[in-house]
There are 2 protein chains.
Amino acid sequence: MVTRRMILTRLGMAGGLGATFGAMQALGLAGTAQAQDMSDLVPTLGRGRHVVVLGAGIAGLTSAYELEQAGFLVTLLEARKRVGGRAWTVRDGDKIEMNGEETQTAKFSDGVYFNAGPARIPSFHQGLLGYAKKFDVPLEVEVNSSRSAYVMADDGSKIRMRTAINDMRGRIAELLAKAIRKGSLDTELTAVDREKLLPFIKAYGDLGEDGSFAGTERSGFGSAPGAGVTFASPSTAMPLDQLLANQRLPMTLFEDNLYMQATMFEPVGGMDRIHAAMDNALRRPALRGAEVTRIRQRSGDVEVVYRDTASGAVETVVADYLICTIPFPVLAKIDTNFSTKLKTTIANVQYDYSNKVAFESPRFWEREQIYGGISFVGGPTTLIWYPSAGLHSERGMLLGCYSSGPTAAEFQKRPIAEQIAFSRGVIDKLHPGHGADLVNGLAVNWHKIPYSLGPWPDWNAGSANGRQEGHIDTAAFRLLQAPEGRVYFASAALSQTPGWQEGGIQSARAQVLALARRVTAEALVTPAGRRAA
Amino acid sequence: MVTRRMILTRLGMAGGLGATFGAMQALGLAGTAQAQDMSDLVPTLGRGRHVVVLGAGIAGLTSAYELEQAGFLVTLLEARKRVGGRAWTVRDGDKIEMNGEETQTAKFSDGVYFNAGPARIPSFHQGLLGYAKKFDVPLEVEVNSSRSAYVMADDGSKIRMRTAINDMRGRIAELLAKAIRKGSLDTELTAVDREKLLPFIKAYGDLGEDGSFAGTERSGFGSAPGAGVTFASPSTAMPLDQLLANQRLPMTLFEDNLYMQATMFEPVGGMDRIHAAMDNALRRPALRGAEVTRIRQRSGDVEVVYRDTASGAVETVVADYLICTIPFPVLAKIDTNFSTKLKTTIANVQYDYSNKVAFESPRFWEREQIYGGISFVGGPTTLIWYPSAGLHSERGMLLGCYSSGPTAAEFQKRPIAEQIAFSRGVIDKLHPGHGADLVNGLAVNWHKIPYSLGPWPDWNAGSANGRQEGHIDTAAFRLLQAPEGRVYFASAALSQTPGWQEGGIQSARAQVLALARRVTAEALVTPAGRRAA
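Since we're looking at a predicted model, the values are computed, not measured.

Asker: In this structure, what is going on with the domain arrangement of chain A? I would like to understand it.
Answerer: Many authors give the size of an interface as the accessible area that is lost as the parts come together. Domain annotation of chain A identifies domain 1 (32-83 + 273-350 + 456-525), domain 2 (89-149 + 261-270 + 353-448) and domain 3 (161-243). Just the C-alpha atoms count here: the centres of domain 2 of chain A and domain 3 of chain A sit 35 Å apart.

Pasting the structure below:
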């Protein structure tokens, strides 16, 4: 490891950070850190330099860890009594405090917990998975899709996921086979393609020899196979109009959203295990209960004033640089000497809404052979998400709501008790009689959570176009990518995936690399020997 | 528990076993135990009766456990030094002995093991899952499908599962949308269906506004999203002919085989954990190393002679009834006084072939973001199955072959070293350079495994029709469902799913219920008080 890290890295030199930076510039990506190989940062790079990092969510923890690896002295300030930010695992006895609401206290049995923020990690989020591996955080599979879950229509009728997926596939294959056989697609398909496509379509839909769809065992048994001559039979095929009548039918495609594809992970015991392990790996772990009240950038340093929430004492940190990961609506209320343009930009970032409602319950869903996965129910609560943790144990956490956007903005206006009651009602609609099994409901409305004030920004709020092809590229977004003087901003909010922890890691690494480039450039102008004198 | 079990159960009485049996008769299922509620067997039912059970695979363990619960005295004989039968977990130091082959010895690092037989449990196999739960066997998710795995064509070209699935879905949707828009399916679809179907098809294939397919992010990123203005772009769409050219394309449907659908399980630490726990729960655990040499049925009892393989001592057990779970090719060689018809039937049951090849390796596949799941490679080795156990650890077991049928019959003719080398070669073809990572290869050819002599019967071997719609219904199969005198046969081989442990449980329960009915009937004729006199 040391040999790799000892590579002398300078701007303009071949290999290492310089070469990476050069490549980024060539691609027009300067400052965005497309390639984020942190291992080329030499461990002496930051010697004698102090960085204060604000916020110990994933972006702050990443910044602090990578800066420490690069030899910086780091002070990490966190307003809450815990690290992790939105990666918040609520356990028995934990309090949910929200602006304008009475405090809720979690009551959970042993082993039951609630990831109020992020709750799953895709295979390709190698930054976060890499930290989990580096810090020996045990992972387990997050079952994001179960064929036994349901899509529920507005009228309360429900179809098992296996039936919705495979009967619809059968109907689609049947129609396409008919069109091909009729010759309707002869201009689109070569004779060779047709010849190869037809048998595939037959397999695709599990069609009969005549190309018709008469039901498939993929959708479940009509009767199950057993001992002796207890034969299996396929389930009866659902008519096309009945399938299409279910408004949630498109949610059968959810599992093929790239961010939702198997294999997905969760840390054993709660999402915040990763953040706790990262904090634990810091030479100087986060100072908790440190509520920042004032930021003053000066010509040669940055001064941060914070209040220790436990004692009320007011403390000051002076550092060479600052990386701020504080959510913008929170930062907007802090006394700073940022430029007016920057202040205005920060104040105008609008945050989205997101809600979760969780219950503890005996695992009645496992008696319906649902082990993990998600049922889609529509309406204000959107889904019912079954736990992947503790499969086969007695009790578990059932998520009765996860929504965001305008739906969530409306729902969070309801009193907490009503949010919980509504969610219970929907669960009871899908799983009749089991609303009564649910105990100790909790509602989290992220827009009301202190130190967060929302789950992520809605960068295109108010724009006539809305989001264009999922790209985030507003003037405000671009402005906040660059430092103002000695102050850098890092956050999932400043990535293309504000709703994913990986975005926070990417943003933090980009800012650390930007700071490293600056420090490297300064060292070239002012050799370390002269600086120390 | 006691109250429930104390229900007095008699033939002809309402409730309990009698009612179940009645219902079965009405459905024409008598003797096949469609409904297998064992909890109605009264715990005094078998009092004073002794049953010898031969073979401690899942069928034997189920028989022994359920008979003990119903008050029988049970002697369970197992020829091997372990229980589990085909549910065989090979761990470091274990020996693989096969007829006509040199003994292989497993060399595995800590935590690495190889399920040489069954390795996954579907959600609907509630018999086996129920025993796992009852005996507190920890389960973990078996990742049977990963979007990061591959389908490999005969020419070695490969497509990620996510691309094969979603690009093909895109192409299918595109073609169907065109046919519908042309009016080619106007006779098949009502105007209402058409109006609802088109938007669904667009979502189904992730089509553009014009109904064309130009690639989808579901198939992977062209470029991945990052910090700042590092935008995501979808991957390029694969042409239809290129998709169809991959002979493994139909394997994208494997995950929707009902037996293969999420959520699937595996016991933590190896499949045999369930069997070890069941054996441990018996009042009289299996006698191991008890090789049955002779079975004599007499008018009032059954005598079983066995050789203790450790000492060579010959022992005799006399019991009232016998449940035999010994595979038929093995049973055919045992000295019995079965009727000639039964002997001939047993001797003529042909068993299938099945092979597995396993390696230990550093987890190079996880660096390709493959966490569990299966790549399909065709040819003699069929697949590459990545481990779901120990995700994110350093080393793991990679399965390089799992095949059965004629393919397996041919492959097992090769020398063991060649089987291992061939499998290594295929892995190297899919994962270039990584054939060299594979160490300590092991090959298991079930047809050569003593006390098994095959994985399951091929009931329709030699039949002109082959298997009809997956139903097993031959004269031999029917004959073996019924007892001959005091001898009952139980095995997955006697269920509709000979390749699944659940079939063994169903068959065993059916035979236990049949025996319970017989004992109940006898008790009505000969009250217990008189019998004891």
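Asker: Quick question: what am I supposed to make of the relation of the copies chain B and chain A here?
Answerer: Two chain copies, one operation linking them: a rotation about an axis together with a shift along it. Overlaying chain B with chain A gives an RMSD of 0.0 Å, the required rotation being 180° about an axis along which the chain moves by 0.0 Å. One copy is carried onto the other by what is essentially a two-fold rotation axis. Residue Leu176(B) of chain B places its C-alpha closer to the rotation axis than any other residue of that unit, at 2.7 Å. Interface overlap between copies: 100% of the residues of chain B at the interface are likewise at the interface in chain A, consistent with a symmetric, same-surface contact.

Asker: What is the right way to look at the nonpolar core in this model?
Answerer: Of all hydrophobic cores here, the largest spans 158 residues; its most connected members are Phe114(A) and Phe114(B). Setting aside anything within four residues of it in sequence, one finds Phe114(A) in contact with Trp88(A), Thr89(A), Val90(A), Phe108(A), Lys356(A), Ala358(A), Met397(A), Leu399(A), Leu442(A) and Val444(A). Core analysis: the next-biggest nonpolar cluster, separate from the first, contains 100 residues, Val51(A), Ala132(A), Tyr65(B) and Leu391(B) among them.

Asker: What is the right way to look at the interface of chain B and chain A in this model?
Answerer: Across the boundary between the two partners, chain B contributes 87 residues, which contact 87 residues of chain A. Both faces considered, chain B and chain A share a buried interface measuring about 7,700 Å² in area, 63% of it formed by carbon and sulfur atoms. Linking chain B with chain A are eight salt bridges. Where Asp256(B) meets Arg169(A), a salt bridge forms, and the shortest distance between an N and an O atom there is 3.1 Å. Run the count over chain B and chain A and you get 34 residue pairs in polar contact (both at pLDDT 80 or more).

Asker: Would you mind showing me how to read the pattern of salt bridges here?
Answerer: Pairs may arise between side chains of opposite charge once their charged atoms sit close together. Residue and element names in this part refer to chain A. What the rule picks out here adds up to 45 salt bridges over all chains. A salt bridge links Arg194 to Asp186; the shortest N-O distance between them is 3.1 Å. Given the relative accessible area of 22%, Arg194 is considered partly exposed. Looking at Asp186, the relative accessible area reads 39%, which means it is partly exposed. Arg296 serves as the salt-bridge partner of Asp335, at 3.0 Å between the closest nitrogen and oxygen. One end of the pair, Asp335, is in strand 19 (residues 335-336); the other, Arg296, is in strand 15 (residues 290-297), and 39 residues separate them in sequence.

Asker: So what exactly am I meant to see when it comes to the sheet that holds strand 17 (residues 314-319) of chain B here?
Answerer: Either a parallel or an antiparallel arrangement is found when strands of a sheet pair, and the pairing is made through backbone hydrogen bonds. Residues and elements named next belong to chain B. The sheet built from four strands is open, its strands ordered 17-16-15-19 with mixed pairing. Of all the strands in the sheet, just strand 17 and strand 19 (335-336) have a single pairing partner and so form its edges. Bridge analysis of strand 15 (residues 290-297) against strand 16 (residues 302-308) gives seven bridges, and the strand direction is antiparallel. Each bridged residue has a counterpart across the sheet, and for Glu291 the counterpart in strand 16 is Arg307.

Asker: How should the environment of Ser148(A) be read in this particular structure?
Answerer: Residue position: Ser148(A) is located in the loop between strand 8 (139-142) and strand 9 (150-152). Each C-alpha atom of the pair Ser148(A) and Ile180(A) lies 33 Å from the other, and the pair is 32 residues apart in sequence. If sequence neighbours within four positions are ignored, Ser148(A) has contacts with Arg160(A), Arg162(A), Glu368(A), Gln369(A), Ile370(A) and Ala262(B). Engagement of the side chain of Ser148(A) in a polar contact is seen with the side chain of Arg162(A), the distance being 3.1 Å. Side-chain polar atoms of Ser148(A) contact the backbone oxygen of Gln369(A), separated by 3.0 Å.

Asker: Can you walk me through helix 14 (residues 501-525) of chain B in this structure?
Answerer: Helical periodicity: at 3.6 residues per turn, an α-helix aligns residues three or four positions apart in one direction. An ideal rise of 1.5 Å per residue puts 36 Å on 25 residues; helix 14 of chain B measures up with 36 Å between its terminal C-alpha atoms. Burial runs high along helix 14 of chain B: 19 of the 25 residues are buried.

Asker: I'm lost on the sheet that holds strand 14 (residues 287-288) of chain B in this one. Help?
Answerer: Residue and element names in this part refer to chain B. Across the sheet, five strands lie side by side as 14-2-1-18-25; this open sheet has parallel pairing. Edge positions in the sheet fall to strand 14 and strand 25 (487-489), since each of these pairs with one other strand and no more. Pairing geometry for strand 1 (residues 50-54) and strand 18 (residues 321-324), over four bridges, is parallel. Considered in strand 18, the bridge of Leu54 is made with Cys324.

Conventions and cut-offs
Residues numbered from 1 in each chain as written. Chains lettered and ligands numbered in written order. Predicted model: local features only at pLDDT ≥ 70, side-chain atom pairs only at ≥ 80, totals over all residues. Heavy atoms only, no water. Domains from an automatic or database assignment. Least-squares fit on C-alpha atoms with pLDDT ≥ 70 in both. Contact = heavy atoms within 4.5 Å. Core = buried A, V, L, I, M, F, W, Y, C linked by side-chain atoms within 4.5 Å. Buried < 20%, exposed > 50% of the residue type's maximum accessible area, 1.4 Å probe, protein only. Buried area = accessible area lost by both parts, 1.4 Å probe. Salt bridge = Lys/Arg side-chain N within 4 Å of Asp/Glu carboxyl O. Polar contact = N/O pair within 3.5 Å; in protein donor to acceptor, adjacent residues only side chain to side chain. Helix = DSSP H or I, 4+ residues; strand = E, 2+ residues; numbered from the N terminus. Pairing = 2+ DSSP bridges. Expected span 1.5 Å × (residues − 1).

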